[in-house]
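Next come the chains, spelled out residue by residue.
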Amino acid sequence: MKSKTLVQRITPVGYGLLLLGLIAAPFLGAYPVFVMKLMCFALFASAFNLLLGYTGLLSFGHAAFLGGAAYVAGYSIKAWGFTPEVSMLLGTLIGALLGLIFGWLAIRRQGIYFSMITLALAQMLFFVALQAKFTGGEDGLQGVSRGKLFGVLDLSSDLTMYYVALVIVVLAFLLIVRTIHSPFGQVLKAIKENEPRAISLGYDVARFKLLAFVISAALTGLAGSLKTVVLGFATLSDVHWTTSGHVILMTLMGGLGTLSGPIVGSAVVVALENKIGDVGSFLARTTGVEWFNTLGESVTIVTGLIFVLCVLLFRRGIMGELIAWLQRKK
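Starting afresh in each chain, residues are numbered from 1 along the sequence in its written order. Local features in this predicted model are restricted to residues whose pLDDT is 70 or higher, and side-chain atom pairs enter the listing and the counts only when it is 80 or higher, whereas totals over whole chains, interfaces and linings include all residues. The side-chain values count all of the structure's non-hydrogen atoms but skip hydrogen atoms and water molecules.

A.B. asks: Which residues make up the packing of aromatic side chains, and what values do they have?
C.D. replies: Each Phe, Tyr or Trp ring, with Trp reduced to its six-membered ring, pairs with another whose centre is within 6.5 Å; inter-plane angles below 30 degrees give stacked pairs, above 60 give edge-to-face pairs, and intermediate values give tilted ones. On inspection of all chains with the given rule, the structure shows twelve aromatic pairs. With a centroid separation of 5.7 Å and an interplanar angle of 90°, the aromatic rings of Phe-65 and Phe-213 are classed as edge-to-face. Within this pair, whereas Phe-65 is found in helix 3 (residues 63–78), its partner Phe-213 is found in helix 9 (residues 205–231), the two being separated by 148 residues in sequence. Judged by its relative accessible area of 0%, Phe-65 is buried. In this structure Phe-213 comes out as buried when scored by relative accessible area, which is 0%. Taken together, the ring pairs connect Phe-65, Phe-102, Phe-114 and Phe-213 into an aromatic cluster. Taking NZ or CZ as reference, Arg-207 lies 5.2 Å from the ring centre of Phe-208, over its face. Here a strand is any run of E in DSSP of at least two residues, a helix any run of H or I of at least four, and the numbering for each starts at the N terminus. Working definition: with a 1.4 Å probe on protein chains only, accessible area under 20% of the residue-type maximum means buried, over 50% means exposed, and in between means partly exposed. We count a charge as sitting over a ring when the NZ of a lysine or the CZ of an arginine lies within 6 Å of the ring centre and within 35 degrees of the ring normal.

See the structure below:
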């Protein structure tokens, strides 16, 4: 009981320090656009964790919700002149709609069959994005302006956009926390732990799974829409299967079934993808080994090696192992 109390006491402090760090980040020299991108992927991973970590459903097609919403939000701004809040709401709804369609088709199967159906459906959407005119094909949807929030707040300033994005991500994360700790979330945990027993207790398991899938897809759509508004473009990589692989990597590396795990995992993966070249250059200058300059071209290899190390040394993920250690601590 004491160890559990220790974790409960430390958790709010950790989240508070993280929030303070994010608030102060632009004034501490952090590049706002990079941190906003990191927050978008943290929301993406947290939404995916709601499905895999708390419901036990492994989706290989979550990039479809991220990329589909990103394209719709960007096109609605560029072609229809929608304001950013309306475009993000539209992207969230598109994510929920795609989640409803994907979920209705995939929930009928379990295990690897469920995962492969989500992958197949996501690949169909990828080829639609590749061929459709409004997506820009291989060039992507470029030149999406940020506009004015509610027609008043100009988001062209990176600093203004940063704090708007921070508020959106924090509210979405609080929604995830509330969902997990609600009676609905407890049923999802029961389904993950022992689905036959949940059925025997009278729960409509298929309905709960479908609702969890839709909520996860909607929040993923919000992340994709916000990413388009922040960066000003949507590309095929947003809807490619490798993005689905990345979010699985983020969740497992950070800690499956933990609230903080996807945040840490996404920070590690995004930081590696964006900063590994700088780290390699620093190591090359420090050690004199020219090979380190090629690290920037081997991001996938480095990420894969780190993932293997996490699987071998941190089976519960980074935050999962930390939480387990705190629970054992007397």
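A.B. asks: With reference to specific residues and values, describe the environment of Leu-57.
C.D. replies: Within the secondary structure, Leu-57 sits in the loop between helix 2 (32–55) and helix 3. The exposure class assigned to Leu-57 is buried, which follows from its relative accessible area of 8%. Between the alpha carbons of Leu-57 and Phe-126 there is a distance of 22 Å; along the sequence they are 69 residues apart.

A.B. asks: Which residues make up helix 3, and what values go with them?
C.D. replies: To estimate the expected span of a helix, count its residues, drop one, and scale the result by 1.5 Å. With 16 residues, helix 3 should cover 22 Å at 1.5 Å per step; its first-to-last C-alpha distance of 22 Å lies within 8% of that length. Counting buried positions along helix 3 yields 13 of 16 residues, so the element is predominantly enclosed.

A.B. asks: Account for the side chain of Ser-216, with residues named and values stated.
C.D. replies: Its place among the elements puts Ser-216 in helix 9. Residues adjacent in sequence count toward polar contacts only when both atoms are side-chain atoms; beyond that, a polar contact is any pair of N or O atoms within 3.5 Å, and within protein one must be able to donate a hydrogen and the other to accept it. Side-chain polar atoms of Ser-216 contact the side chain of His-62, separated by 2.8 Å. Note on contacts: a residue pair is in contact if any heavy atoms of the two residues lie within 4.5 Å. In this view, Ser-216 contacts Ala-47, Phe-48, Leu-50, Leu-51 and His-62; residues no more than four positions away in its chain are not counted.

A.B. asks: Tell me about the packing of helix 2 against helix 10 (residues 241–254), residues and numbers included.
C.D. replies: Direction vectors running N to C along helix 2 and helix 10 enclose 80°, while the axes themselves pass 9 Å from each other. Our classification of the angle between helix 2 and helix 10 gives roughly perpendicular. Where helix 2 approaches helix 10, its residues Phe-41, Phe-44, Ala-45, Phe-48 and Asn-49 are matched on the opposing element by Thr-243, Val-247, Ile-248, Met-250 and Thr-251. Comment: axis = line fitted to C-alpha atoms, over the contacting stretch for helices; angle = value between 0 and 180 degrees taken between N-to-C directions. Small angles under 35 degrees read as roughly parallel and large ones over 145 as roughly antiparallel, with 65 to 115 read as roughly perpendicular and the rest as oblique.

A.B. asks: Got a sec to walk through the pattern of salt bridges? Specific residues and values, please.
C.D. replies: One side-chain nitrogen of Lys or Arg within 4 Å of one carboxyl oxygen of Asp or Glu is enough to make a salt bridge. Overall, the coordinates contain five salt bridges when judged by the stated rule. Here Asp-158 makes a salt bridge to Arg-146, at a shortest N to O gap of 2.8 Å. In this pair, Asp-158 sits in helix 6 (residues 158–180) while Arg-146 sits in the loop between helix 5 (112–131) and strand 1 (148–149), placing the two residues twelve residues apart along the sequence. Taking the relative accessible area as the measure of exposure, Asp-158 reaches 28% and is therefore partly exposed. Of the residues examined, Arg-146 reaches a relative accessible area of 13% and is grouped as buried. We note a salt bridge from Lys-227 to Asp-238, for which the minimum N-O separation is 2.7 Å.

That is the geometry; function is a separate question.
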